[in-house]
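Each chain, letter by letter, is given below.
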Amino acid sequence: MDIYEWILFTIGWIIIASAGVAGLSAAPWVPTRKKEMKLLLKNLDVKPGNKIYELGCGTGSIVIALAKANPQAQFFGYEISILPYLIAKFRSVRHKNVNICYKNLFTQSLSNADIVICFLLIKAYDRLAKKFAKELKLGAIVIAEGWPFENISPKTVLEADKTLPFFIYKGEDFKV
Ligand SMILES: C[S@@+](CC[C@H](N)C(=O)[O-])C[C@H]1O[C@@H](n2cnc3c(N)ncnc32)[C@H](O)[C@@H]1O
């Protein structure tokens, strides 16, 4: 192998390793589908000045679609898998109200969030629920795609034909 092949090989392994770490941490990258995105766009009430966080934003599809529809709100996506992060970062360049960060979602403070969106595995929920209880404003909205939090009743469930459901909570629901 020459030096360039070594560099490519190393970069390839770093990308694969970061995807592995993300999968072990909270979830692997599985894109939110268009039909779920449409459902969320249709039903989510975003106010001017709101701060919306996606924890594990993947390639940024949700934050970018919502940001286009709500130019007066600010959107933040957090991602630790290198390839989806780079794609999301690149896609966000044209959108002034989108900020994509290479950051572990468990270390990002949520105290300023008005809306938090996540599509993560249930294994991450215990840790996440404790974080929500500590950091979220009472009136903040939490949207969990796919699966509900155990023992916490959602305020609403958004669902349409053959979509994954979105479970909607308030910050206050986690303060028990
Ligand atoms: C199911 S995917 C969400 C996909 C996203 N909605 C989209 O449409 O592209 C979950 C994402 O969370 C990321 N992730 C997992 N653990 C993380 C962590 N600790 N910090 C930040 N992101 C994480 C994964 O890399 C993955 O991209």
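Residues numbered from 1 in each chain as written. Predicted model: local features only at pLDDT ≥ 70, side-chain atom pairs only at ≥ 80, totals over all residues.

1. Concerning the overall build of the chain
On a plain count of helices and strands, the chain comes out with five helices and seven strands. Mapped from its N terminus to its C terminus, the chain presents α and β elements in the order α-α-β-α-β-α-β-β-α-β-β-β. Over its C-alpha atoms the chain spans a radius of gyration of 17 Å, differing by no more than 12% from the 16 Å that the globule rule assigns to 176 residues. Overall, the C-alpha framework of the chain stretches about 60 × 35 × 35 Å when taken along its three principal axes. A burial count over the chain gives 34% of its 176 residues as buried. Restricting the contact set of the chain to residue pairs at least 6 apart, pairs at least 24 apart contribute 64%. (Helix = DSSP H or I, 4+ residues; strand = E, 2+ residues; numbered from the N terminus. Rg over C-alpha atoms; globule rule 2.2 N^0.38 Å. Buried ≥ 20, exposed ≤ 12 C-beta atoms within 10 Å, placed from the backbone. Contact = placed C-beta atoms within 7 Å.)

2. Here we look at the site of the ligand
Ala-22, Ala-26, Gly-56, Gly-58 and Ser-81 are the nearest of the 24 residues found near the ligand. Elements with a minimum of two residues in the shell around the ligand: helix 1 (3-25), helix 3 (61-69) and strand 2 (74-79). Across the shell around the ligand, the residue classes break down as 15 nonpolar, eight polar and one charged. (Near = placed C-beta within 6 Å. Nonpolar A, V, L, I, M, F, W, Y, C, P; charged D, E, K, R; others polar.)

3. Focus on the environment of Gly-12
Assignment of secondary structure puts Gly-12 in helix 1. On the neighbour-count criterion, Gly-12 (10 C-beta atoms within 10 Å) is exposed. Along the primary structure Gly-12 and Leu-83 are separated by 71 residues, whereas in three dimensions their C-alpha atoms are 9.9 Å apart.

4. Structural notes on the environment of Asp-2
The residue Asp-2 is located in the segment before helix 1 in this model. Separated by 127 residues in sequence, Asp-2 and Ala-129 have C-alpha atoms that sit 49 Å apart.

5. Section: the pairing of strand 7 (residues 166-170)
In the case of a regular strand, side chains alternate between the two sheet surfaces. As paired elements, strand 5 (residues 141-145) and strand 7 share five bridges and run antiparallel to each other. Residue pairing across strands places Val-142 opposite Tyr-169, the latter belonging to strand 7. Bridge count for strand 6 (residues 156-158) against strand 7 is three bridges, and the pairing is antiparallel. Within the sheet, the bridge partner assigned to Val-157 lies in strand 7 and is Phe-167. (Pairing = 2+ DSSP bridges.)

6. Regarding the environment of Leu-83
Among the secondary structure elements, Leu-83 is positioned in helix 4 (residues 82-92). Separated by 11 residues in sequence, Leu-83 and Gln-72 have C-alpha atoms that sit 28 Å apart. For Leu-83, the residues in contact, after removing those within four places along its chain, are Ile-15 and Ala-19.

7. Some details on the packing of helix 2 (residues 34-43) against helix 3
Each pair of packed helices can be described by the angle between their axes along with the distance between the axes. Relative to each other, helix 2 and helix 3 sit at 35 degrees, their axes nearing to 11 Å. Crossing handedness for the pair helix 2 and helix 3: right-handed. In this structure, helix 2 uses Met-37, Leu-40 and Leu-41 to contact helix 3, whose residues at the interface are Ser-61, Ile-62, Ala-65, Leu-66 and Ala-69. Considered class by class, the residues forming the contact of helix 2 with helix 3 number seven nonpolar, one polar and no charged. (Axes fitted to C-alpha atoms, helices over the stretch in contact; angles between N-to-C directions. Left-handed = near helix turned anticlockwise from the far one by under 90°.)

8. Structural notes on the pairing of strand 1 (residues 51-55)
Strand 1 sits mainly inside the fold: four of its five residues count as buried. The pairing of strand 1 with strand 2 spans five bridges and is parallel. Counted as the bridge partner of Tyr-53 is Phe-76 from strand 2. Handedness of the crossover joining strand 1 and strand 2 through helix 3 is recorded here as right-handed. Note that strand 1 and strand 4 (residues 115-118) share four bridges and pair parallel. Its bridge partner being in strand 4, Tyr-53 is matched across the sheet by Val-116. (Right-handed = clockwise from strand over helix to strand, strands pointing away.)

It is worth stressing that arrangement in space is one thing and function is another; only the former is reported here.
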